[in-house]
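# Structural description and commentary
These are the residues of each chain, in order.
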Amino acid sequence: MGTPTVEIRRMVVLGAGGDLAARLLLPGLAGLLQLGELPEGFELVGVDRPDWDDAAFKKHVHDSVAEHGDPEARKAAAALAAVCGFVQGDAGDPAALTAALARGDGPAVIYLALPPPVFAAAITAIGQAGLPADSAIVIEKPF
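Once that is clear, we can look at the pattern of salt bridges. Considering all chains together, one arrives at six salt bridges under this definition. A salt bridge links Arg9 to Glu7, with the nearest nitrogen and oxygen atoms 2.7 Å apart. Looking at Arg9, the relative accessible area reads 40%, which means it is partly exposed. Overall, the relative accessible area of 46% leaves Glu7 in the partly exposed class. For the salt bridge of Lys75 with Glu72, the shortest nitrogen-to-oxygen distance reads 2.8 Å. Judged by its relative accessible area of 36%, Glu72 falls in the partly exposed class.

This is the structure:
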């Protein structure tokens, strides 16, 4: 009898308007969506400083995938944009993280698409906001 696995159906991306997200993460997610590798009901919530609403972020997602994605990922640009939402705020602000986590239920993957000097403030804010059980934090940077 193994440990039950929990399917995480949502991702919160801190720094969602930045270069790392636009060039790598968003096209990668679109590619996974196109291949059927994201769970049914997947949701993506971006958190960043620009004064965007959901519609502006959806456009950013679509345009980023269209520009940087491979041909297969580009086919899913509109589908990925359709499952996105946005919370305006700083990655170090617990209120922004709380608002982003309130946009869905269950565990979440919190992805830090941030420069390394911001990690400590972001992780502190995540701790103050509180993560749902079985959530995970992803840091994609060399140390």
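Following the structure, the description resumes.
All right, on to helix 1 (residues 19–34) then. For helix 1, with 16 residues, the first-to-last C-alpha span of 22 Å sits near the 22 Å given by 1.5 Å per residue. Gly36 sits one or two residues past helix 1 and shows a positive phi near 75°.

When the terminal C-alpha atoms of helix 2 (residues 54–68) are compared, their 21 Å separation across 15 residues agrees well with the 21 Å that a helix rising 1.5 Å per residue should span. Summarising the contacts, the buried residues of helix 2 are in contact with helix 1, strand 2 (43–48), helix 3 (71–74), helix 4 (77–82) and strand 3 (84–88). Two or three places before Ala55, at the opening of helix 2, Asp53 has a side-chain oxygen 3.2 Å from that residue's backbone nitrogen.

Moving on to a nonpolar patch on the surface. On the surface, Ile123, Leu131, Ile137 and Ile139 cluster together into a nonpolar patch covering about 270 Å² of accessible area. Along the polypeptide, Leu131 turns up in the loop between helix 6 (119–129) and strand 5 (136–139). On the basis of relative accessibility, which here comes to 33%, the residue Leu131 falls in the partly exposed class.

On to the packing of helix 1 against helix 2, then. The contact between helix 1 and helix 2 brings their axes to 8 Å, and the two run at 95°. Considering the angle they form, helix 1 stands roughly perpendicular to helix 2. Between helix 1 and helix 2, the contacting residues are Ala22, Arg23, Leu26, Pro27 and Ala30 on the first element and His60, Val61, Ser64, Val65 and His68 on the second. Class assignment for the residues of the contact of helix 1 with helix 2 results in six nonpolar, three polar and one charged.

The rules behind the values
Within each chain, residue numbers correspond to sequence positions counted from 1 in written order. For a predicted model such as this one, the threshold for reporting local features is a pLDDT of at least 70, and the threshold for listing and counting side-chain atom pairs is 80 or more; totals across whole chains, interfaces and linings nevertheless cover every residue. Note that the side-chain values use all heavy atoms of the structure and ignore hydrogens as well as water. Each salt bridge in this description consists of a side-chain nitrogen of Lys or Arg and a carboxyl oxygen of Asp or Glu lying within 4 Å of one another. Accessibility here uses a 1.4 Å probe with only protein chains present; expressed as a share of the type maximum, an area under 20% marks a residue as buried, one over 50% as exposed, and anything in between as partly exposed. Comment: elements are numbered from the N terminus, with helices defined as DSSP H or I runs of at least four residues and strands as E runs of at least two. Working rule for helices: expected span equals 1.5 Å times residues minus one. Contacts were defined at the residue level, with two residues in contact if any of their heavy atoms lie within 4.5 Å. Nitrogen and oxygen atoms within 3.5 Å of one another constitute a polar contact, given that in protein one can donate a hydrogen and the other can accept it, and given that sequence-neighbouring residues count only through two side-chain atoms. Only residues whose relative accessible area exceeds 30% and that take part in no salt bridge are eligible for patches, with like-charged residues grouped when within 9 Å of each other and nonpolar side chains (Val, Leu, Ile, Met, Phe, Trp, Tyr) grouped when within 5 Å. The Shrake-Rupley method, run with a 1.4 Å probe, gives the accessible areas here. Residue values count only the displayed protein chains as cover. Axis definition: a line fitted to C-alpha atoms, over the contacting stretch in the case of helices. Angles run 0 to 180 degrees between N-to-C directions. Between 65 and 115 degrees an angle is taken as roughly perpendicular, under 35 as roughly parallel, over 145 as roughly antiparallel, and anywhere else as oblique. All amino acids are sorted into three groups, where Ala, Val, Leu, Ile, Met, Phe, Trp, Tyr, Cys and Pro are nonpolar, Asp, Glu, Lys and Arg are charged, and the leftover types, Gly among them, are polar.

Without other data, these values stay purely geometric and don't point to any function.
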